[in-house]
Amino acid sequence: MSKLGSLLAALALASGYSMACAQVSAQGGVLVGPNGMTLYTFDKDMAGSGKSVCNGGCATNWPPLTATMAPSGEGYSLIQRDDGSQQVAYKGKPLYYWAQDAKPGDKGGDGKLNLWHAAMP
């Protein structure tokens, strides 16, 4: 990845990576965001509730994948976050990044606190 690409990826993670339509794809058996970084689900989020329980400090460590349009493909939707932004969900579960993942392919958040899991396609 170029220095510019690395910088953009870092900025994207810091801001929760928001774009009009977030492109989510499967790589290495997990879902990844448009920046190639692993996406995660949180066991405390209730599938289909339309809500994320990871806000404030939690969202600093687990930045949400935000967008204004849901990705194309079956199972994707948007939920409204407490701050008014829209978060991408897969099968009703909001999707997040782990702030400590440094590069595409990292899965450091998988199994964290036995509550966070790499999102599976």
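Above this text you will find the structure in question.
Residues numbered from 1 in each chain as written. Predicted model: local features only at pLDDT ≥ 70, side-chain atom pairs only at ≥ 80, totals over all residues. Heavy atoms only, no water.

*Asks:* Which residues make up the packing of aromatic side chains, and what values go with them?
*Replies:* Going through the model one piece at a time under the given rule, you end up with six aromatic pairs. Where Tyr40 meets Trp62, the ring centres are 5.5 Å apart and the plane angle is 80°; that geometry is what we call edge-to-face. Of this pair, Tyr40 sits in strand β4 (residues 40–42) while Trp62 sits in the loop between α2 (57–61) and β5 (66–69), placing them 22 residues apart in sequence. Accessibility assignment for this pair places Tyr40 and Trp62 in one class, buried. Centroid distance Tyr96 to Trp116: 5.1 Å. Interplanar angle 85°. Geometry classified as edge-to-face. Of this pair, Tyr96 sits in the loop between β8 (93–94) and β9 (116–118) while Trp116 sits in strand β9, and the two are 20 residues apart along the sequence. (Phe/Tyr/Trp six-rings, centres within 6.5 Å; stacked < 30°, edge-to-face > 60°. Helix = DSSP H or I, 4+ residues; strand = E, 2+ residues; numbered from the N terminus. Buried < 20%, exposed > 50% of the residue type's maximum accessible area, 1.4 Å probe, protein only.)

*Asks:* Help me get a handle on the side chain of Asn35, residues and values and all.
*Replies:* Of note, Asn35 is situated in the loop between β3 (30–32) and β4. Among the polar contacts listed, one links the side chain of Asn35 to the backbone nitrogen of Met37, at a separation of 3.1 Å. A polar side-chain atom of Asn35 sits 3.3 Å from a polar atom in the side chain of Tyr97. (Polar contact = N/O pair within 3.5 Å; in protein donor to acceptor, adjacent residues only side chain to side chain.)

*Asks:* Quick one: what's the story with the pattern of salt bridges, residue by residue and with numbers?
*Replies:* A full pass over the atoms with the stated rule returns two salt bridges. Close ionic contact of Asp82 with Lys51 constitutes a salt bridge, the shortest N to O distance being 3.8 Å. Note that Asp82 is positioned in the loop between β6 (76–80) and β7 (86–90) and Lys51 in the loop between β4 and α2, a separation of 31 residues in sequence. Classification of Lys51 by relative accessible area gives partly exposed; the value is 42%. (Salt bridge = Lys/Arg side-chain N within 4 Å of Asp/Glu carboxyl O.)

*Asks:* Can you explain the state of the cysteines? Please cite residues and give values.
*Replies:* Applying the stated criterion across every chain, the model contains one disulfide. Sulfur-sulfur distance for the disulfide between Cys54 and Cys58 comes to 2.0 Å. Residues Cys54 and Cys58 are joined by a disulfide whose S-S torsion is about -105°; by sign, that bridge is left-handed. Exposure remark for Cys54: the relative accessible area of 0% places this residue in the buried category. Exposure remark for Cys58: the relative accessible area of 24% places this residue in the partly exposed category. (Disulfide = S-S within 2.5 Å.)

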